[in-house]
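Close look at the chain arrangement
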Amino acid sequence: MLDYLIVGSGLAGISFAEAALKNNKTILVIDNESQNSSRVAGGLYNPVILKRFSEVWKAKEQLVLMNEFYNNIENKLNEKFNFKMPILRKFFSIEEQNNWYAASDKINLAPFLSTKLITKKYNSIDSPYDYGEVLHTGYVNTGLLLEAYKKYLISNNLFLEESFQSSYIEFLDSGIQYKNIQARHIIFAEGFGLHKNPFFNYLPLDGTKGELFIIKAPNLNLDVIVNTSVFILPMGNDLFKVGATYNWYDKTDLPTEEGKQELLDKIKEIITCDFEIVKHFGGVRPTVADRRPIIGTHEMYKCLHLLNGLGTRGVMLGPTLAQMLYDHIENGTPIDKEADIKRFHKRYLKSLIPDRP
């Protein structure tokens, strides 16, 4: 009997897979790659929400676990995924500079916001008010990471490429039977696919569509990530990843003309050089209205668990949440109340009441 059957091989799924494997647990990952938000994500990690100048939830803890997680995977797979790189916030006015200094005086933000203005001039970016530097930042090449990890799982007979069908679950005294597989626990890490999960679809996973570009701009000579209304991330060979849009209504992965135009308008506000769009892609982020993840154990079926709601910060959140859920399952450690699905207990009770005609 397996210890864990993991449904989903995005950032949430592989984060839990690593948490289990490092504790010598047996796993099998099932996925048909119907959800692609992790694969097309910008991959940035940043401990500060720059729009509101507030600290990311559990930022210090996340950074420690994140760096340990990616170091271990890089050593295991002998490949580089985590690239440390400064994020510079371009200022558009003296007022924005003053707001930055005020934020950097806050005790919780001081470790993450440099008080020294970056005055360097970059080709094709007009910056009369300079930049502020966010510390402890970078990006993870999520597409490369997930592809390499999938190959690792396949080579060790730990991956099954198929669509998971909840109707095949049978409950045993010691766990579950799924087709010819027995496991003590199932971890559902399906991202926006949660809506098709009959055990957890009562949870308020909204989903926020994001669209991104990869552009080619030979005259844009950047060695940092620039963040304003969009981010511009250098990928090498004159290629840059640019994003992202936020659409709360469209739940498809298809690029749109509206998203394209929005990105074009925002890019032209930042850079003055010519560029061409090499690739335009989209995905639906698994987001929750209260901006917190949703993890925990089903109220009735104690062998069913959820790891979801990573939103726009999956690169940072994944390792922390996976460890939190693993410790909860194996050691009875309480899940942080802000992340626990128990905060939606009333929704669960309501879901048990059949709809009346």
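If you're wondering where the values come from, they're calculated on a predicted model, not measured in any experiment. (Residues numbered from 1 in each chain as written. Predicted model: local features only at pLDDT ≥ 70, side-chain atom pairs only at ≥ 80, totals over all residues. Heavy atoms only, no water.)

1. Description of the sheet that holds strand β3 (residues 44-45)
Adjacent strands of a sheet form backbone hydrogen bonds with each other and so pair up, either parallel or antiparallel. Put simply, the test is: Each pair of strands is called paired provided DSSP finds at least two bridges between the two strands. By the criteria applied, helices consist of DSSP H or I runs no shorter than four residues and strands consist of E runs no shorter than two, each listed in order from the N terminus.
If you trace the 3 strands from one edge of the open sheet to the other, you get β3-β9-β6, paired in antiparallel fashion. Of all the strands in the sheet, the pair left with one neighbour each is β3 and β6 (82-84). Pairing between β6 and strand β9 (residues 138-140): 3 bridges, direction antiparallel. Paired with K84 across the strands is G138, a residue of β9.

2. Concerning the packing of helix α1 (residues 11-21) against helix α2 (residues 59-77)
Note the cut-off: Note on geometry: axes are C-alpha line fits, over the in-contact stretch for helices, and angles between N-to-C directions span 0 to 180 degrees. Should an angle lie under 35 degrees it is considered roughly parallel, over 145 roughly antiparallel, and from 65 to 115 roughly perpendicular; all remaining angles are considered oblique. For this analysis, residues touch if any pair of their heavy atoms sits within 4.5 Å. Following the grouping adopted for this structure description, the nonpolar residues are Ala, Val, Leu, Ile, Met, Phe, Trp, Tyr, Cys and Pro, the charged ones are Asp, Glu, Lys and Arg, and the polar ones are all others, Gly among them.
Running from N to C, α1 and α2 cross one another at 80°; their axes reach a closest spacing of 12 Å. Taken together, the axes of α1 and α2 lie roughly perpendicular to each other. The segment α1 lies against α2, with L11, I14, S15, E18 and L21 engaging F69, Y70, I73 and K76. Of the residues belonging to the contact of α1 with α2, the class tally is 6 nonpolar, 1 polar and 2 charged.

3. Quick look at the environment of S163
Put simply, the rule is: Buried residues are those whose accessible area, probed at 1.4 Å on protein chains only, stays under 20% of the maximum for their type, while exposed residues exceed 50% and partly exposed ones sit between those limits.
Structurally, S163 can be placed in the loop between β10 (159-161) and β11 (169-172). Taking the relative accessible area as the measure of exposure, S163 reaches 41% and is therefore partly exposed. Counting along the chain gives 99 residues from S163 to E262, while the straight-line C-alpha distance between them is 34 Å. For S163, the residues in contact, after removing those within four places along its chain, are N32 and Y178.

4. Observations regarding the pairing of strand β12 (residues 175-178)
Direction of pairing for β11 relative to β12: antiparallel, over a ladder of 4 bridges. When the bridges of β12 are listed, L172 appears paired with G175. Taking the residues that link successive antiparallel strands as the turn, the β11-β12 hairpin has 2 residues. Note that β12 and strand β13 (residues 181-188) share 3 bridges and pair antiparallel.

5. Some thoughts on the packing of aromatic side chains
Where we set the bar: Any two rings among Phe, Tyr and Trp, with Trp reduced to its six-membered ring, count as a pair given centres within 6.5 Å; such a pair is stacked if its planes are under 30 degrees apart, edge-to-face if over 60, and tilted if neither. By definition here, charges over rings are those cases where NZ of Lys or CZ of Arg is within 6 Å of the ring centre and within 35 degrees of the ring normal.
If you walk through the whole model with that rule in mind, you get 19 aromatic pairs. Ring centres 6.2 Å apart and planes at 45° place the aromatic pair Y4 and Y326 in the tilted group. You can see Y4 sitting in strand β1 (residues 2-7) and its partner Y326 sitting in helix α6 (residues 314-331), a full 322 residues away along the chain. Under the relative-accessibility criterion, Y4 is labelled buried at 0%. Judged by its relative accessible area of 5%, Y326 falls in the buried class. With 5.5 Å between their ring centres and 70° between their planes, F91 and W100 make a pair best called edge-to-face. For the pair F91 and W100, a shared accessibility class is recorded, and that class is buried. Site record: aromatic cluster; members linked through ring pairs are F164, Y168, F171, Y178, F188, F199, F200 and Y301. Just above the ring of Y4 sits the side chain of R184; from NZ or CZ to the centre is 6.0 Å. A cation over an aromatic ring shows up here: R285 above the ring of Y246, its NZ or CZ 4.1 Å from the ring centre.

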